Amino acid sequence: MTERLLQPLLHELVGAVLAPTSALGDATGQIRPAGVQGVFHADARVLSRAVLRVDDREPEGVSHATDGAHGVRFVGLTRWLGDPTPDPTVRVDRRRRLVPGGLTEEVRIVSTASVPVRATVSVELACDLAPIEVVKSGGTAEPLAAKAGQPGQLTWAADGITVTVSGADAEVEADGDRAAAPRLTWPIELPPRGSTVLRWRLAVEDPRAVVICPPGEPTWSRPELRADDRRLVRLLDRSLDDLRGLRLAEPAAPQDVFLAAGVPWFLTLFGRDSLWAARMLLPLGTDLAAGTLRVLARRQGTRVDPTTGEAPGKILHELRRDEFALPDNGLRLPPAYYGTVDATMLWVNLLHDAWRWGLPADQVAPLLPHLDAALGWLADHADADGDGLVEYVDTTGHGLANQGWKDSGDAVRFRDGSLAAPPIVLAEVQGYAHEAAVNAAALLDAFGGPGADRWREYADRLARRFRSAFWVDGPHGPQPALALDRDKRPVDSLTSNIGHLLGTGLLSGEEEAQVARLLGTEALAGGFGLRTMSTDDAGFSPLSYHCGSIWAHDTAIVLAGLARAGFRDAALGLADGLLGAAEAFDYRLPELYGGDDRSLGRPVPYPAACRPQAWAAAGAVLLLQAATGLYPDVPGGTVRLAPLAGPELGAVAVDRLTLAGAPVGVAVDRSGHPTITNLPANLTVATATLPTQRPAPSATPA
């Protein structure tokens, strides 16, 4: 019987990140040659083992905690050393910190014993340079032979990558059988109540890497938040640290920073993920949005290539060093892959929203030719069959079968659980396209470009087409279908995708109200956030990647849409679920988690979820924006305040949000009354155009 290869589990591992480098080990601090443990750099595992021993015995782990934005600290005990008492008298504090192109580790041995302590400390190492896709598919690679160099130094080299470990004052054992499992050793001698510190360092030289750690610190602001609900404060603090560690740039343009998607599988440029994360972070400034827009504009498609999915004007899906291949399921993606149906519209929408937040005109103008190219893709390539809707299909047989954000192979299911056949027309993609057309028209008007009326007419036609094709009867009344299949049949499951339609302009006011009602049902909102698929659907499973689990970013996007549209109760329910999940995961929200009912008391981890992950962490900023209700239109000279905070969520006060490049503060008291401070002189506060709580629909949509 052939052994089945399984994707390694992640949920119990302890990680640190400074992209494109990450380290994953167990709760005691050890990095073992198993699963996805290791130190990874730009899609290669540069260290597959780092096991600390004292007298050839492993310390007993007792605790671990994050240590700043890029580090983690472990505490262990060596109870066989020191005084023979019930209390441990010798402990090992291990501090691991990521640095650009590697990591440092500090091992502090502290004795409170009344007798001297003598021991030998060692760190056993290995390097296999396994590609990330091999690790993800459950595969393994043989460790490379190490070479001893200068005193206290080990080196591995292959495939153009050089990995060096050096230990200050350490002895090296790398001969014979130790070549594939070398170690650094330090003999120590501590006087009574003495201590010592040992240090070693990992450095990676990787000239073929397609992404690098950008220089300097983040240019986005770090808000100072005070809130009655302390969960929001803790979530924001942890998320901002994680986002700081996920910054990336390309070697040729280190000034243009974007966010990597997530640890460990996706520490690279992902069009959809990087765009959404930058959009969520606009309340902290427009620099990240500008960098992300420019990076993706430089890689915008220029030709039709079915192998890569490229088309003129299309925005990239992902970027790798080499081909990304998972042989168990036939997936084989080229290094630059364009198989995404939504990133191009999301690029347009980020450009528009950054402009509304105050991205200067001299940064918008150079991107306008790329806006024209993106609109050209929407007009000429997004609707292959000419039916007025945006669709996708993988024609290669080895690309992504599904090309929306729910891109697993079984993500698009009918209510009875059966799979939809491609080409697929996703509901939320039509919303993104409508929003992009309207937003593009506004930009073209503002900057004197031609064709604005054409795109407003496109949006009107798309809304009419959607209304006639997507609405179906469901167990909770009329609902937008998840998608249309190749025969244009509505895929009638009830999913979170419909929440992405809010605010896109695709729906009428009455239709938005019905969607809000559906999003508040127990079938979708009964877990710690928004389920990707309702419990009424046959395809539902709480630990399905896209058919019943809960994604943090998905919940944040939808609750923000509900809040902005005035559906307060539904938004508050999702916000409470998300904050409950944050508390359960020590405020480092994972990519996704189980869609079990809240009656379980805490969410069930999805065992292979990325953590940290960019758009999950960025969701904390989107939640903060919804709480403050800050909605700017800098070109129009106005700011609208419509906060979610107030009687239910509690009071919030935040300083150092960024609007038109200036720091502003927003405070919302317990009654829900907002005030804004340091508003730039050219902006005025507009009266909210929506009531505090929009009513549920009085009649079902037509």
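Owing to the predicted nature of the structure, the values given are computational and were not obtained by experimental measurement. (Residues numbered from 1 in each chain as written. Predicted model: local features only at pLDDT ≥ 70, side-chain atom pairs only at ≥ 80, totals over all residues. Heavy atoms only, no water.)

Q: Is there a simple way to explain the overall build of the protein in this structure?
A: The helix and strand tally for the protein stands at 14 helices and 36 strands. Taken over C-alpha atoms, the radius of gyration comes to 26 Å for the protein, in line with the 27 Å a tight globule of 702 residues would show. Its C-alpha atoms give the protein principal-axis dimensions of about 80 × 55 × 50 Å. Counting all 702 residues of the protein, 61% fall into the buried class. Across the protein, the fraction of contacts at a sequence separation of at least 24, relative to all contacts at a separation of at least 6, is 65%. Side chains of the protein carry 66 positive and 85 negative charges; the gap between the two charge centres is 3 Å. (Helix = DSSP H or I, 4+ residues; strand = E, 2+ residues; numbered from the N terminus. Rg over C-alpha atoms; globule rule 2.2 N^0.38 Å. Buried < 20%, exposed > 50% of the residue type's maximum accessible area, 1.4 Å probe, protein only. Contact = heavy atoms within 4.5 Å. Lys, Arg positive; Asp, Glu negative; His and termini not counted. Charge placed at Lys NZ, Arg CZ, Asp CG, Glu CD.)

Q: Can you help me understand the sheet that holds strand E32 (residues 638-641) in this one?
A: Pairing between sheet strands relies on hydrogen bonds along the backbone, with the strands arranged either parallel or antiparallel. Read from one edge of the open sheet, three strands run E31-E32-E36, paired in mixed fashion. With one partner strand each, in any of the chains shown, strand E31 (630-633) and strand E36 (684-686) form the two edges of the open sheet. On average, adjacent strands in this sheet sit at an angle of 30° to one another, irrespective of strand direction. With three bridges joining them, E32 and E36 adopt parallel strand pairing. Within E36, the position partnered with valine 639 by the bridge is valine 685. (Pairing = 2+ DSSP bridges. Axes fitted to C-alpha atoms, helices over the stretch in contact; angles between N-to-C directions.)

Q: Quick question: what am I supposed to make of the pattern of salt bridges here?
A: A side chain with one charge may pair with a side chain of the opposite charge, provided their charged atoms come close. In this structure the tally under the stated criterion is 56 salt bridges. When the shortest N-O distance is used, the salt bridge between glutamate 224 and arginine 656 registers 3.6 Å. With glutamate 224 in strand E17 (residues 224-227) and arginine 656 in strand E33 (residues 652-659), this pair connects stretches of sequence that are 432 residues apart. In this structure arginine 656 comes out as partly exposed when scored by relative accessible area, which is 41%. Here arginine 238 ties to aspartate 242 by a salt bridge, and the two come within 2.9 Å at their closest N and O atoms. (Salt bridge = Lys/Arg side-chain N within 4 Å of Asp/Glu carboxyl O.)

Q: What's the story with the packing of aromatic side chains in this structure? I'm lost.
A: Enumeration according to the criterion identifies 10 aromatic pairs in this entry. Geometrically, the ring pair formed by tryptophan 276 and tyrosine 432 is edge-to-face, given 6.1 Å between the ring centres and 70° between the ring planes. Residue tryptophan 276 is located in helix H3 (residues 271-280), and its partner tyrosine 432 is located in helix H8 (residues 427-446); the two are separated by 156 residues in the primary sequence. Tyrosine 432 matches tryptophan 276 in its accessibility class, with the two residues each being buried. Taken together through their ring pairs, the aromatic side chains of Trp405, Tyr545, Trp551, Tyr606 and Trp615 make up a single cluster. (Phe/Tyr/Trp six-rings, centres within 6.5 Å; stacked < 30°, edge-to-face > 60°.)

Q: How do you make sense of helix H13 (residues 568-584) when you look at a structure like this?
A: Across its 17 residues, H13 extends 24 Å between first and last C-alpha, which sits within 8% of the 24 Å expected from 1.5 Å per residue. Once H13 finishes, aspartate 586 follows within two positions and takes phi at roughly 55°, a positive value. (Expected span 1.5 Å × (residues − 1).)

Q: Is there a simple way to think about the pairing of strand E12 (residues 153-158) in this case?
A: For a regular strand, side chains alternate in direction, first toward one face of the sheet and then toward the other. Pairing between strand E11 (residues 147-148) and E12: two bridges, direction antiparallel. Bridge pairing in E12 places lysine 147 opposite threonine 155. Between the end of E11 and the start of E12, which pair antiparallel, lie four residues, with glycine 152 showing a positive phi angle near 75°. When E12 meets strand E13 (residues 161-167), the two strands line up antiparallel, connected through six bridges. Counterpart to tryptophan 156 in the pairing with E13 is valine 163. Where E12 hands over to E13, the hairpin turn is made up of two residues, of which aspartate 159 adopts a positive phi near 55°.

Q: Any chance you could explain the sheet that holds strand E1 (residues 14-18) here in plain terms?
A: Strand order in the open sheet made by the four strands is E1-E2-E3-E4, with antiparallel pairing throughout. Each having just a single partner strand, E1 and strand E4 (44-47) make up the two edges of the open sheet. Averaged over neighbouring strand pairs, the angle between their axes works out to 25° when direction is ignored. Direction of pairing for strand E3 (residues 38-41) relative to E4: antiparallel, over a ladder of three bridges.

Q: Explain the side chain of arginine 413 here, please?
A: Note that arginine 413 resides in the loop between helix H7 (368-380) and strand E24 (425-426). Polar side-chain contacts of arginine 413 include one of 3.1 Å to the backbone oxygen of aspartate 410. Within the local environment of arginine 413, its side chain forms a polar contact with the backbone oxygen of glycine 417, the two atoms lying 2.6 Å apart. With near-sequence residues (within four places) excluded, arginine 413 lies in contact with Ser418, Leu419, Leu482, Val491, Ser493, Met533, Gly539 and Cys547. (Polar contact = N/O pair within 3.5 Å; in protein donor to acceptor, adjacent residues only side chain to side chain.)

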